[in-house]
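Observations on the model geometry
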Amino acid sequence: MSQVQDAVFGIIAKEANIDVSKITLDSTLKDLEIASLDAVQIIFEIEDHFKITMPDRDPNFDTESVRGLVEAVEKLVAEKPAGDAPAAQG
Amino acid sequence: MGAITALGHTAAATWAALSEGRSGIGPIETIPTEQLNVKIAAEVHGFDPAAHIDNKKLPLLDRVSQFALIAAREAVAQSGLDFRVDGRGERSACIIGSGIGGEGTHNEQSKRFYGDKNPRVHPLTILRVMANAPACHIGIEYGLTGPTFAVVSACASANHAMSQAADMIRSGKVDFAVTGGTEACVTVTTMKAWEAMRVTADDTCRPFCKQRRGMVLGEGAGIFVFEAWEHAKARGATILAEFAGSGMTADAADMVFPSEVTVARAMQNALADAGLNPEDVGYINAHGTATPANDPTESKAIRRAFGAHADALAVSSTKSMHGHALGAAGAIELVAAIGALRHGILPPTANFIDPDPACDLDYVPNVAREKAVNAVLSNSFAFGGLNSVVALKKAG
């Protein structure tokens, strides 16, 4: 599991109050019974953790599935200027 | 009736734009936008408070109170009432809704303290921020010494306030009320907070339409003078409409996802309170925020409340033109509802492209419609699951 994937799974588990073992790359937020208000909190925590801005309803990004979220974070982190390190784990 | 909105600085100018389907949504000009992802709103432009409010008094008024006072002056002037004679002030309520209160002042002073590291906060901050300030300024201007307070229920504030004012007149507690809603919420942090919730559109507001991308914030005020029917008749007042009834419910379920059943019940309660049958209603000014959740739920709720008559109803969301002015929304939308009754023109849902199969009513897309109506509803629903519907009848 990549570091990004690990962190995204951790954030989803914490925010949605579900066991991390339930989360797979193929899950959608809907499968995980994550309501819209929890979903926006997950996106906020991801943004805050990686210091990125997730796109809002951009057809090039899938923010409805776990795989989509992980891929979006990987892409945005790779595009970030060097020296802008992610926040410490905590 | 008085208003100040993105469509104009008076109720008449606001109605003129509504009846022509003109939208006041555009690029944000009143605040810095570098830190914003969503850079559009329905702002009140070309507004110089110093042209309306005395220099000595102005430091006491946040933009939210300035809007309320200016709209109140228009409304009171039109009513022809002098509240300072015949003990009228004592028999007058002043109930003004606001979702947030003096948010601009709160922003400025927080920036000064946290951002600029200035240890001194302006001494009038509290008086400008408090959500009851707009009601107090109106009361002071006209000597209204009866029940005076604010109603704070997010996007339902104005409808809740006006319903409360009408009930006070009905109960005999007062004979007059100055009531409505005001909001001045286009501030950097409020915009950021809405952005974070991911419910605001970055193009424009397209209620009930397939391509809708969410709400667009607006600002302004709508203020009305309510008067006991017999009293208004007896003095030969120009009666704009009859505030016939109201319906208020709470979903008591989810903070953001609306419930079709309780939304429908608010409409049914408003009809019952107004003594109206569903068939009497010709137009509904919808809450119509253009969010994914509201529009289909509101459409289903209208079907539930109106049955077969839903197909004969015209329903439009004027938020497509004046934006979503939160605690002022219901009051600004009452200008639209009264216009529909008085002029037989139904304001459209602007910016409409393609219909959404989940929204299957007649939304008066893009072009205003000439149609005489005798009764209308105006819907306002708030986060927290609060529903407030008002029913109006044609004066006569």
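Residues numbered from 1 in each chain as written. Chains lettered and ligands numbered in written order. Predicted model: local features only at pLDDT ≥ 70, side-chain atom pairs only at ≥ 80, totals over all residues.

With that settled, the discussion passes to the overall build of chain A. A count of helices and strands for chain A gives three helices and zero strands. Scanning chain A from its N terminus toward the C terminus, one meets helices and strands in the order α-α-α. Against the 2.2 N^0.38 benchmark of 12 Å for 90 residues, chain A shows a C-alpha radius of gyration of 12 Å, consistent with a compact globule. With respect to the principal axes defined by its C-alpha atoms, chain A has extents near 35 × 30 × 25 Å. Restricting the contact set of chain A to residue pairs at least 6 apart, pairs at least 24 apart contribute 58%. (Helix = DSSP H or I, 4+ residues; strand = E, 2+ residues; numbered from the N terminus. Rg over C-alpha atoms; globule rule 2.2 N^0.38 Å. Contact = placed C-beta atoms within 7 Å.)

This part is about the interface of chain B and chain A. Buried accessible area, meaning the area lost when the parts come together, often serves as the stated size of an interface. With six residues of chain B in contact, the opposing surface of chain A contributes six residues. Split by residue class, the side of chain B that touches chain A holds four nonpolar, no polar and two charged. (Nonpolar A, V, L, I, M, F, W, Y, C, P; charged D, E, K, R; others polar.)

Our focus in this paragraph is the packing of helix α2 (residues 63–79) of chain B against helix α5 (residues 133–142) of chain B. All names here are of chain B. Taken N-terminus to C-terminus, the directions of α2 and α5 make an angle of 40 degrees; their axes are 9 Å apart at the nearest point. In this view, α2 runs oblique relative to α5, as classed from their interaxial angle. Seen from above, α2 lies across α5 with right-handed handedness. The segment α2 lies against α5, with V64, S65, A68, L69, A72 and V76 engaging A133, P134, H137, I138, E141 and Y142. Residue classes in the contact of α2 with α5 are distributed as nine nonpolar, two polar and one charged. (Axes fitted to C-alpha atoms, helices over the stretch in contact; angles between N-to-C directions. Parallel < 35°, antiparallel > 145°, perpendicular 65-115°, else oblique. Left-handed = near helix turned anticlockwise from the far one by under 90°.)

In this section: the pairing of strand β6 (residues 176–183) of chain B. All names here are of chain B. Of all eight residues in β6, eight are buried, a share of seventy percent or more. In β6, alternate side chains face the same way, and those of F176, V178, G180 and T182 on one face and A177, T179, G181 and E183 on the other are all buried. Relative to β6, strand β4 (residues 92–97) runs parallel, the two being bridged by six bridges. Looking at β6, one finds that A93 is bridged to A177. When β6 meets strand β7 (residues 220–227), the two strands line up antiparallel, connected through eight bridges. Each residue of the ladder has a partner; that of G180, found in β7, is I223. (Buried ≥ 20, exposed ≤ 12 C-beta atoms within 10 Å, placed from the backbone. Pairing = 2+ DSSP bridges.)

Right, let's get into the domain arrangement of chain B. Residue and element names in this part refer to chain B. We note that the domain assignment places domain 1 (2–234) and domain 2 (242–393) within chain B. Each of domain 1 and domain 2 has a C-alpha centre, and the two are 21 Å apart. Taken together, the contact pairs 62 residues of domain 1 with 57 residues of domain 2. Classifying every residue of the side of domain 1 that touches domain 2 by side-chain character gives 32 nonpolar, 23 polar and seven charged. (Domains from an automatic or database assignment.)

As a further point, take helix α3 (residues 103–115) of chain B. If you check which residues of α3(B) are buried, you get B:E103, B:G104, B:T105 and B:Q109. Positioned one or two residues after α3(B), B:K117 has a phi angle of 55 degrees, which is positive.

As a further point, take the sheet that holds strand β8 (residues 242–250) of chain B. Residues and elements named next belong to chain B. Spatially, the five strands line up as an open sheet ordered β8-β14-β13-β9-β10, and their pairing is mixed. Each edge of the open sheet is held by one strand with a lone partner, namely β8 and β10 (314–316). The mean inter-strand angle of the sheet, taken between neighbouring strand axes irrespective of direction, is 15 degrees. Across eight bridges, the pairing between strand β13 (residues 375–382) and strand β14 (residues 386–393) is antiparallel. Directly across from S380, in β14, lies its bridge partner S388. Strands in contact with helix α6 (residues 157–171) are β8, β13 and β14; relative to β14, the strand with the most contacts, it is inclined by about 55 degrees. Taken strand by strand, helix α12 (residues 329–343) contacts β9 (283–285), β13 and β14, and its axis lies near 165 degrees from that of β13.

Once that is clear, we can look at unusual backbone geometry. Keep in mind that most residues, glycine aside, have a negative phi and that most peptide bonds are trans. Positioned with a positive phi, A:K51 is a non-glycine residue whose angle comes to about 55 degrees. As for its position among the elements, A:K51 is in the loop between α2 (36–50) and α3 (66–79). Residue A:K51 is classed as partly exposed on the basis of its 13 C-beta neighbours within 10 Å. Notably, B:A290 is not glycine yet its phi reads approximately 75 degrees, a positive angle. Among the structural elements, B:A290 can be located in the loop between β9 and α10 (294–306).

As a further point, take the sheet that holds β6(B). All names here are of chain B. Here five strands make up an open sheet; going across it, the order is β1-β7-β6-β4-β5 and the pairing mixed. Single-partner strands in this sheet number two, and they are β1 (2–4) and β5 (148–151). Here the strands of the sheet are splayed against their neighbours by 15 degrees on average, with no regard to which way each runs. Sheet analysis places β1 next to β7, joined by three bridges and oriented antiparallel. The partner of G2 across the bridge, within β7, is I223. Sheet strands in contact with α12 are β1, β6 and β7, and its direction is about 70 degrees off that of β7.

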